[in-house]
Amino acid sequence: MPFTEHNHNGLIYDTADGLSAAGGIRHAFTTRHGGVSPAPFDTLNFADNRGDTAENLLENYRRLGLAAGFDGSRVVGCRQVHGDLVRIASEEHAGSILWEDRPYDADALVTNVANLPLVVFGSDCCTILLYDTLARCIGACHAGWRGTAKGIALKTAVSMMTFYGATPQTLHAAIGPSIGKCCFLTDDDVKEEFAQLLDPAIDEQITRAGGKYRIDLKAINRLWLLRAGLDPKHVEIHPDCTMCHPERYWSHRLMGERRGGMVGVISLEA
C-alpha cells in the first residue's frame, strides 16, 4: 500500500494508507519541514541531543500534534541504545519526551493507553509503527542495523501479543522512510552480524559491492514482521531512502552530527 503526504501549514509528514484505513489511531512519519528550529536543525527537528533548544523541540511536537491530530504535550519516547529492549509505556510518563526526562533506556515502546503517543527517532534508521485493531494496542520501534540484526521488530510484535492479546491476523505495521539498500554500504563486521543469524532469507537481502556490502534494512525488518505471523498485506514499507533525499529528510550518514532528526509517532484514539 502507498503512503500519503500531508502538508499542514508547511509542516510536511507522511502516513501509511493501511494504518490510516484501519482506523482508531493517529500516526505520522515526519520530514525536515515545518518546524521552528534554526540551522543546522532547520526546521522540523526532534533530535534533542545535538544543540537545539527544549523550547524549539516542544514547539515542534505541538505543531506536529496539531497537524496529525494527537496531543503533542503527551508524547513519550525512550533513550535509544541500538538494542532490542521493548518497554511498556504507561500513563504516568505522558509528556516525558526530552532526553533527560525519558523514562526508558530502550528502542521500542508498546501501550494500550489511549492518547499516549509513542515516539521513536530516526535519521536513516528504520522507524516502525504497529497497531492491533482488535486488541487496541500500539507499538513503536527504532531499528538501526544492530536492532534489525537482533530482530527488534519481531520482539515488538510479540510483546504486543504477550501483554495485550494482539494476534498476527489483526496486527498492522508500517516501516517509515529510512536509508535504502542503495546507500547502506557496510564493512565485514556489519555483514557478519547478520550472517550469524544463519538465515538464508536474510542473506538474500545482502549483496556484495566491491569490498563492501549493501544491506536492505527495510526488507529484513519486513521479514521479522512476517516471522511474527503478520499478513504480508498488513506490512507497509515507505519507498524513500533518507540519504537519497536530503532535501526532505535528515540523514546521519550524509550530514553527520550537525543535523536534525525525524520521528515516527503513533497514538490510540480515545
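Report follows, based on the coordinates. (Residues numbered from 1 in each chain as written. Predicted model: local features only at pLDDT ≥ 70, side-chain atom pairs only at ≥ 80, totals over all residues. Heavy atoms only, no water.)

This part covers the layout of surface pockets. Space left empty within the atom packing is revealed by a probe, the size of a water molecule, rolled over the atoms. Roughly 580 Å³ of volume is contained in the largest pocket. Mapped by element, the contributors of at least two residues to the lining of the largest pocket are β6 (118-122), α3 (145-149) and α8 (252-255). When the residues that make up the lining of the largest pocket are grouped by side-chain class, the tally is 10 nonpolar, 9 polar and 8 charged. The computed volume of the second largest pocket comes to approximately 160 Å³. Taken together, His6, Tyr13, Thr15, Ser20, Gly23, Gly24, Ile25, Arg26, His27, Ala67, Ala68 and Glu269 make up the full set of residues lining the second largest pocket. Top element by residues in the lining of the second largest pocket is strand β3 (residues 25-30). It accounts for 3 residues. Considering only residue class, the lining of the second largest pocket consists of 4 nonpolar, 6 polar and 2 charged. (1 Å grid on protein atoms, 1.4 Å probe; cavity = no way out; pocket = protein on both sides within 12 Å on 5 of 7 lines; lining within 4 Å. Points joined across faces, edges and corners; volume = space filled by probe spheres on them. Helix = DSSP H or I, 4+ residues; strand = E, 2+ residues; numbered from the N terminus. Nonpolar A, V, L, I, M, F, W, Y, C, P; charged D, E, K, R; others polar.)

We now examine unusual backbone geometry. The general pattern is negative phi for most residues beyond glycine and trans for most peptide bonds. Omega for the bond connecting alanine 39 with proline 40 falls within 30 degrees of zero, at 5°, which places this linkage in the cis form. Here aspartate 42 and threonine 43 are connected by a cis peptide whose omega angle stands at -5°. Considering the arrangement of structural elements, one finds threonine 43 in the loop between β3 and α2 (54-68). Even without being a glycine, histidine 82 presents a positive backbone phi close to 60°. You can see histidine 82 is positioned in the loop between α2 and β4 (86-88). Note on histidine 82: relative accessible area 33%, which makes it partly exposed. Of note, arginine 136 is a non-glycine position whose phi angle comes to about 55°, a positive value. Overall, the relative accessible area of 30% leaves arginine 136 in the partly exposed class. (Buried < 20%, exposed > 50% of the residue type's maximum accessible area, 1.4 Å probe, protein only.)

The subject of this paragraph is empty space enclosed by the protein. Under the defined criterion, the tally for this structure stands at 1 cavity of 30 Å³ or more. Estimated volume of the largest cavity: approximately 60 Å³. Only β3 and β14 (262-268) provide two or more residues apiece to the lining of the largest cavity. By residue number, the principal contributor to the lining of the largest cavity is β14, which donates 3 residues.

This brings us to the pairing of strand β7 (residues 126-132). With 7 of its 7 residues buried, β7 lies for the most part within the structure. Residues Cys126, Ile128, Leu130 and Asp132 line one face of β7 and the alternating positions Thr127, Leu129 and Tyr131 line the opposite face, and both faces are buried. Where β7 lies against strand β8 (residues 137-143), 7 bridges are found, and the strand directions are antiparallel. Each residue of the ladder has a partner; that of cysteine 126, found in β8, is alanine 143. Where β7 hands over to β8, the hairpin turn is made up of 4 residues, of which arginine 136 adopts a positive phi near 55°. Judged from the 5 bridges that link them, β7 and strand β9 (residues 171-175) form a sheet pairing that is antiparallel. (Pairing = 2+ DSSP bridges.)

With that settled, consider the nonpolar core. Core analysis: the biggest nonpolar cluster contains 38 residues, and Ile128, Leu130, Phe194, Ile215, Leu217, Leu225 and Leu230 have the highest contact counts within it. Apart from the residues within four sequence positions on either side, isoleucine 128 is in contact with Gly139, Ala140, Cys141, Ala143, Ala153, Ala174, Ile175, Asn221 and Leu225. Listed in part, the 21 residues of the second largest apolar core include Ile25, Ala140, Ile266 and Leu268. (Core = buried A, V, L, I, M, F, W, Y, C linked by side-chain atoms within 4.5 Å. Contact = heavy atoms within 4.5 Å.)

Here we take up the sheet that holds strand β11 (residues 206-209). Pairing is antiparallel across the open sheet formed by 3 strands, whose spatial order is β10-β12-β11. Only two strands of the sheet have a single neighbouring strand rather than two, namely β10 (185-186) and β11. As paired elements, β11 and strand β12 (residues 212-215) share 4 bridges and run antiparallel to each other. Across the sheet, the residue bridging to arginine 208 is tyrosine 213, located in β12. Helix-sheet contacts for helix α5 (residues 188-195) involve β10, β11 and β12, and the interaxial angle to β12 is about 50°. (Axes fitted to C-alpha atoms, helices over the stretch in contact; angles between N-to-C directions.)

What is shown is where atoms sit, not what they do.
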